[in-house]
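# An overview of the molecular structure
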Amino acid sequence: MIYRKWGRVVRWENGTLVRVEEAGEAWEENGVFFARPIAHGVIPSASEGPPADVVAVAEGILRCAQDDTEIERVIVTHGVALHQYGDVRWQDETRRVHVALIRKPWRVLVDDFDVASVASALARCEGERDFAHLLDVPCAKEQMPGGRDGYGRPIEHRRVEGEPPNFYRPSYRVRPVRQWMNVRAIPSATTQAAPKVLALVDGGKALVDDGGRVFVTPLRPDRLL
Amino acid sequence: MTTFAIAQIDELWLRGKLAERRLMHGRAEERGGEIFASDERDDALVAACEAAIERMRPFIPHDARVRLVSRNGDATMTVEINGISIVTTLEFVAQDMQLLRSVRPVTRHPSPAPLAWLHGSAAVLLHEAIGHPRELNIPDVAWPEWLRVDCPIELRRASFSDVPLRRMTRVVVSQVNAPFALPDDRIDVQLVRGGAYDPLTDVVTIDVAVPRFTFRATRAEVAAALLGAAGEPLRYPGVVCSREGQELVVGSYAPVIVTRGFA
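The notes below deal with the structure included here.

## Focus: the overall build of chain A
The helix and strand inventory of chain A stands at three helices and 14 strands. The C-alpha extent of chain A, read off along each of the three principal axes, is 55 × 45 × 25 Å. The buried share among the 225 residues of chain A stands at 44%. Taking as baseline every contact in chain A between residues at least 6 positions apart, the subset at least 24 positions apart corresponds to 53%. Accessible surface for chain A amounts to roughly 11800 Å². Of this, 49% is attributable to carbon and sulfur atoms.

## What to know about the overall build of chain B
Scanning chain B for helices and strands turns up four helices and 19 strands. For 263 residues, the compact-globule formula gives about 18 Å, and the C-alpha radius of gyration of chain B, at 19 Å, lands near that figure. Each of the three principal axes of chain B carries a C-alpha extent, and together these read 55 × 50 × 30 Å. Classification of the 263 residues of chain B by burial places 53% in the buried group. Relative to all contacts within chain B whose residues are 6 or more apart in sequence, the contacts with residues 24 or more apart total 61%. Split by element, the accessible area of chain B, about 11700 Å² in all, is 49% carbon and sulfur. Across chain B, the mean location of the 30 positive side-chain charges is 4 Å away from that of the 34 negative side-chain charges.

## Points about the pattern of salt bridges
One pass over the full model with this rule turns up 41 salt bridges over all chains. The shortest N-O distance in the salt bridge between Asp68(A) and Arg103(A) comes to 3.2 Å. Taken together, the residues span a long stretch of sequence, with Asp68(A) in the loop between helix H1 (52-62) and strand S4 (70-85) and Arg103(A) in strand S5 (residues 88-103) at a distance of 35 residues. Classification of Arg103(A) by relative accessible area gives buried; the value is 15%. Arg21(B) is paired through a salt bridge with Glu11(B); the nearest N and O atoms lie 2.7 Å apart. Placement of the pair is Arg21(B) in strand S2 (residues 17-31) and Glu11(B) in strand S1 (residues 2-14), with a sequence separation of 10 residues.

## Concerning the pairing of strand S17 (residues 240-243) of chain B
Residues and elements named next belong to chain B. Of the two faces of S17, the one holding Cys241 and Arg243 is buried and the one holding Val240 and Ser242 is not buried anywhere. As paired elements, S17 and strand S18 (residues 246-249) share four bridges and run antiparallel to each other. Following the sheet pairing, serine 242 is matched in S18 by glutamate 247.

## Describing the sheet that holds strand S8 (residues 158-159) of chain A
Two pairing modes exist for strands in a sheet, parallel and antiparallel, and in both the strands are linked by backbone hydrogen bonds. Residues and elements named next belong to chain A. Taken in spatial order, the three strands make up an open sheet running S8-S7-S11, and their pairing is antiparallel. Each edge of the open sheet is held by one strand with a lone partner, namely S8 and strand S11 (183-185). Alignment of strand S7 (residues 141-143) against S8, held across two bridges, turns out to be antiparallel. When the bridges of S8 are listed, glutamine 143 appears paired with arginine 158.

## What about the side chain of Asn166(A)?
Residue and element names in this part refer to chain A. Relative to the assigned elements, asparagine 166 resides in the loop between S8 and strand S9 (167-168). Judged by relative accessible area, which is 3%, asparagine 166 ranks as buried. A distance of 3.5 Å separates a polar side-chain atom of asparagine 166 from the backbone oxygen of proline 154. Those residues in contact with asparagine 166 that lie beyond four places of it in its chain are Gln143, Asp149, Arg153, Pro154, Ile155, Glu156, Val177, Arg178, Gln179 and Met181.

## A few points about the packing of aromatic side chains
All names here are of chain A. Within this structure, the stated rule accounts for eight aromatic pairs over all chains. On the numbers, 6.4 Å between centres and 45 degrees between planes, the contact of tyrosine 3 with tryptophan 90 is tilted. Taken together, the residues span a long stretch of sequence, with tyrosine 3 in strand S1 (residues 3-13) and tryptophan 90 in strand S5 at a distance of 87 residues. Assessed through its relative accessible area of 2%, tyrosine 3 is described here as buried.

## Quick look at the side chain of Ser252(B)
Residues and elements named next belong to chain B. With respect to the secondary-structure elements, serine 252 resides in strand S19 (residues 251-259). A polar contact is formed between the side chain of serine 252 and the backbone oxygen of valine 250, at a distance of 2.9 Å. Beyond its immediate chain neighbours, meaning those up to four positions away, serine 252 contacts Ala123, Val171, Leu234, Arg235, Tyr236 and Val239.

## Quick look at the interface of chain A and chain B
Contact with chain A, which involves 29 residues of that partner, is made by 23 residues of chain B. Between chain A and chain B the total buried area reaches about 2200 Å² when both faces are included, carbon and sulfur atoms providing 50% of it. On the chain A side of the contact with chain B, Arg19(A), Pro37(A) and Arg173(A) bury the most area, a combined 24% of that side's loss. On the surface where chain A and chain B come into contact, there are four salt bridges. Of the charged contacts, one joins Arg175(A) and Glu20(B) as a salt bridge, the two residues approaching to 3.3 Å between their closest N and O atoms. On the surface where chain A and chain B come into contact, there are 17 residue pairs in polar contact (both at pLDDT 80 or more).

What counts and how
Residues numbered from 1 in each chain as written. Chains lettered and ligands numbered in written order. Predicted model: local features only at pLDDT ≥ 70, side-chain atom pairs only at ≥ 80, totals over all residues. Heavy atoms only, no water. Helix = DSSP H or I, 4+ residues; strand = E, 2+ residues; numbered from the N terminus. Buried < 20%, exposed > 50% of the residue type's maximum accessible area, 1.4 Å probe, protein only. Contact = heavy atoms within 4.5 Å. Areas by Shrake-Rupley, 256 points an atom, 1.4 Å probe, with all protein chains shown as cover. Rg over C-alpha atoms; globule rule 2.2 N^0.38 Å. Lys, Arg positive; Asp, Glu negative; His and termini not counted. Charge placed at Lys NZ, Arg CZ, Asp CG, Glu CD. Salt bridge = Lys/Arg side-chain N within 4 Å of Asp/Glu carboxyl O. Pairing = 2+ DSSP bridges. Polar contact = N/O pair within 3.5 Å; in protein donor to acceptor, adjacent residues only side chain to side chain. Phe/Tyr/Trp six-rings, centres within 6.5 Å; stacked < 30°, edge-to-face > 60°. Buried area = accessible area lost by both parts, 1.4 Å probe.

Take a look at the structure:
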């Protein structure tokens, strides 16, 4: 069975606007994975309009720099793709941001559109304080339904345990791998008041809000979703 | 208008059997400050890649994990055995395989013993400590007067959909009248697994593959640790440098260099 993908992406990357159109196919034969480009033909049109929204988001993020908080990296993408695996066809549209904020000695990573609130918190950060014991709460996880996986199968609601039923295919050039998707923690216990994690900090740490005061704390990476 | 065209074939071979094969091609044009990229095919570039891959295949070792990459006709082979890898070309595959098969993966705990950087491996240390800061226009620290580092920087990109970045094209380390004494009590660095430079902390991280250990030091500490060097630059078998997710081969050469330990 052949997987085909037609895609178009507008990406703002550290000041450069890139528009990419590509299409390709992949298949597995006797255990060997093959991938190659194909003719475009049916590239979906959802993002044919001007990339004004991508630029506007990027410019909004750049305005988050303040005092000693710098913006090291900004990547904003808006993409649309049409997928086909056998007789199944599906389309998806993605909007993503990836931002690295710097306030020495910390690099804060933000993969959420609300960069302004994280930047504001980082600017108020009072230093490092160890809240790891409060954040180290075992929790069950669940896969939320929505969309299709790399083989066109619906992503269904499942508790995260054992082998993932779905496959992740980040690109037609990459062999799909089993992976849980749309994962979230299942609220299952009441614990003492813990600070709210705002963003990840490079080096296995997190930026947290503890009752209005902001700190950087170590994190146990195996507790991350 | 700047135009960039690329074709690339990569193949993954596991113990002599093909596991994955990819063809990629495309073209990017820069117009009005924007990059317009599509996977347009240049038949001549694709044919050059096919020919280069064909030439490499007979040299695939059957007891290794091998990745062949041909980019616009230039081909490299990454060979991994027992978790240790080299990146080589057709011209050097025989001697590089000999080196790879001669080393043993042993783990060393961080030690204050001096390090002797063999086989051109000091090029990796200085790739991180001098090359990356230059890419980022970060002012140099004070390096020993005997040290010379030629690392031209050009706008390079890994693929048609990437933004070109200031990247090293090669790192050639040499020495002029450097002091040199090879300590008896030393650790010989034979192959390096990888490295990194963080502009935020000015810290260089080096993962040594043989023997296995990792150290971190600021650029000033690296500069102060350089004790001496001897001989002509030796070709190091393989630096695939990754920045912003873009992997590029950087030719790397260095003489034998002795540094303090970084325990």
